[in-house]
Amino acid sequence: MSGPLDGIVVLDMSRVLAGPWAGQLLADLGARVIKIEHPERGDDTRGWGPPWLAGDDDAERVAAYYLCANRGKQSLALDIATEPGQALVRRLAEGADIVLENFKVGGLAKYGLDYASLKALNPRLIGCSITGFGQDGPYAHRAGYDFMIQAMGGLMSIGGEPDGMPMKTGVAITDVMTGLYATIGVLSALHERERTGEGRHVDVALLDVQVAALANQALNTLVSGVSPQRHGNAHPNIVPYQAFACADGHLVLTVGNDGQFARLAELLGHPEWAIDPAYATNAARVGNRDVLVPMVQAVLLTRRRDDWLAELEARGIPAGPINTLSEVFDDPQVKHREMRRTLRRGDLDVPQVACPLRFDRQAAVSDVAPPRLGQDSDTILAEMGLSAADIARLRREGVVR
């Protein structure tokens, strides 16, 4: 079944996570994504293990990290530091719609593969450059990594226990969000091209994305003039909205309005809380969290987690268990939505997490497993008109693999 981007060609010259995440999403949406990798080492994440995935007859050991962001792509192993390699990229760009890259600012210009050079060959080409700090500014020359950006961009300052060390998230969330913003940018440019006939250059910076994604915490700061403090698993603006211990484990309680709080107070055996001026409104509960939260905690400790969850569900009070990742993939709703997929690559089963987008109840997810390094080089080069002898020569010269 074709996707919304059927017929669109993407050159993915990015590595690690943010750029490849955008490329994978475009592939899930139906685009043809050609991943250009170094012929010897490939994408850095191919070696970011363990854990590894390898079948009995699979000579290439691939890190799970690589597999998370490269579904649906073709791999062209090509050395862009060589003149023949650069010439091949230019030829590919002439027929492409989008090029993704995450080189340092100016890094592709020395090869004549920067966006300005490629657009001169193909005015309809859309370029997207993903960097740590953007194409200009005092930090533009610096390399950017998710962990560092979480620190510089303020996310770590609001993560962690109040008396503990600032904490990063358990996933490289800034990279993932940057990939999503990059996708939005190129799709917007693609839509605009229908009207203008011209491509655009999209500049996406990890630091910009991290600052933008601070959401309510950013506005808390700008409105109050005070930087938020760490609240651990609690919410700065809503109470009770945090993790609580039960007799045999933990749950998360997310009471989002006063009606839900009234039902919670009744369930916990304290209906008077809902009419007490100290707790009747969310603003009052935020101001008196140091008193209310320990009282809620004391009651929740008297029963088992699953008993509380059943009672909360019955009363329409939002709550949930704190699942391990193994438990996530065993969850009935996650199973029903088919978020875990398995793709075949030869004789190898490759586990995948599905794209969350659905169109007319049909999941937008490629059925092509992440490729071996250089898996599609011969096919792509032959489509470009190179003979078998030409390809063999380029392989001997180390230009392609």
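Worth saying up front: this structure is predicted, and the values here are computed from it rather than measured.

*Asks:* It is not clear to me how the layout of surface pockets should be interpreted in this structure. Could you clarify?
*Replies:* Any space left empty among the atoms is revealed by the rolling of a water-sized probe across them. The computed volume of the largest pocket comes to approximately 1,200 Å³. Along the wall of the largest pocket there are 47 residues; nearest its centre are Arg15, Val16, Asp44, Asn102 and Tyr145. Those elements giving two or more residues to the lining of the largest pocket turn out to be strand 2 (32-37), helix 2 (64-67), strand 7 (126-131) and helix 5 (146-152). Among the residues forming the lining of the largest pocket, the class breakdown is 24 nonpolar, ten polar and 13 charged. Volume-wise, the second largest pocket comes out at about 930 Å³. Looking at the second largest pocket, it is lined by 29 residues, and the ones nearest its centre are Trp21, Cys68, Phe329, Gln352 and Val353. Per-class residue counts for the lining of the second largest pocket are 22 nonpolar, three polar and four charged.

*Asks:* Quick question: what am I supposed to make of the packing of aromatic side chains here?
*Replies:* For any two aromatic rings, the description comes down to two numbers: the centre-to-centre distance and the angle of the planes. For the structure on display, the rule yields two aromatic pairs. Aromatic side chains tryptophan 48 and tyrosine 65 sit 5.1 Å apart centroid to centroid with 85° between the ring planes, which places their arrangement in the edge-to-face category. Of this pair, tryptophan 48 sits in the loop between strand 2 and strand 3 (52-53) while tyrosine 65 sits in helix 2, placing them 17 residues apart in sequence. Judged by centre distance (5.5 Å) and plane angle (80°), the rings of phenylalanine 133 and tyrosine 139 are edge-to-face.

*Asks:* Sorry, what's going on with the side chain of threonine 178 here?
*Replies:* In this structure, threonine 178 sits in helix 6 (residues 173-196). In this structure threonine 178 comes out as buried when scored by relative accessible area, which is 0%. Apart from residues no more than four positions distant in its own chain, threonine 178 is found in contact with Ala18, Ile130, Val204, Leu206 and Val209.

*Asks:* What is the right way to read the sheet that holds strand 1 (residues 9-13) from this model?
*Replies:* Hydrogen bonds between backbone atoms are what pair the strands of a sheet, whose relative direction is either parallel or antiparallel. The strand order across the open sheet formed by six strands is 5-2-1-6-7-8, and the pairing between neighbours is parallel. A single partner strand is all that each edge strand has here, and the edge strands are strand 5 (73-77) and strand 8 (201-205). Sheet twist, expressed as the mean angle between neighbouring strand axes with direction ignored, is 20°. Judged from the four bridges that link them, strand 1 and strand 2 form a sheet pairing that is parallel. Note on strand 2: the bridge partner recorded for valine 10 is valine 33. Of the strands in this sheet, strand 6 (98-101), strand 7 and strand 8 are in contact with helix 6, which crosses strand 7 at around 160°.

*Asks:* Help me understand the nonpolar core in this model?
*Replies:* Burial of nonpolar side chains together is a common tendency in soluble globular proteins. Grouped together as the largest cluster of nonpolar side chains are 31 residues, with contacts concentrated most on Val10, Leu26, Leu100, Cys128 and Val186. Those elements giving two or more residues to this core turn out to be helix 1 (18-28), strand 6, strand 7, helix 6, strand 8 and helix 7 (206-212). Broken down by element, the residue count for this core peaks at five residues, all from helix 1. With near-sequence residues (within four places) excluded, leucine 100 lies in contact with Val10, Leu11, Asp12, Met13, Ser14, Gly19, Ala22, Gly23, Leu26, Cys128 and Val186. Val9, Leu88, Met384 and Val399 belong to the second-largest nonpolar core, a separate cluster that totals 29 residues.

Conventions used here
- Residues numbered from 1 in each chain as written.
- Predicted model: local features only at pLDDT ≥ 70, side-chain atom pairs only at ≥ 80, totals over all residues.
- Heavy atoms only, no water.
- 1 Å grid on protein atoms, 1.4 Å probe; cavity = no way out; pocket = protein on both sides within 12 Å on 5 of 7 lines; lining within 4 Å.
- Points joined across faces, edges and corners; volume = space filled by probe spheres on them.
- Helix = DSSP H or I, 4+ residues; strand = E, 2+ residues; numbered from the N terminus.
- Nonpolar A, V, L, I, M, F, W, Y, C, P; charged D, E, K, R; others polar.
- Phe/Tyr/Trp six-rings, centres within 6.5 Å; stacked < 30°, edge-to-face > 60°.
- Buried < 20%, exposed > 50% of the residue type's maximum accessible area, 1.4 Å probe, protein only.
- Contact = heavy atoms within 4.5 Å.
- Pairing = 2+ DSSP bridges.
- Axes fitted to C-alpha atoms, helices over the stretch in contact; angles between N-to-C directions.
- Core = buried A, V, L, I, M, F, W, Y, C linked by side-chain atoms within 4.5 Å.

Read these as geometric descriptors, not functional statements.
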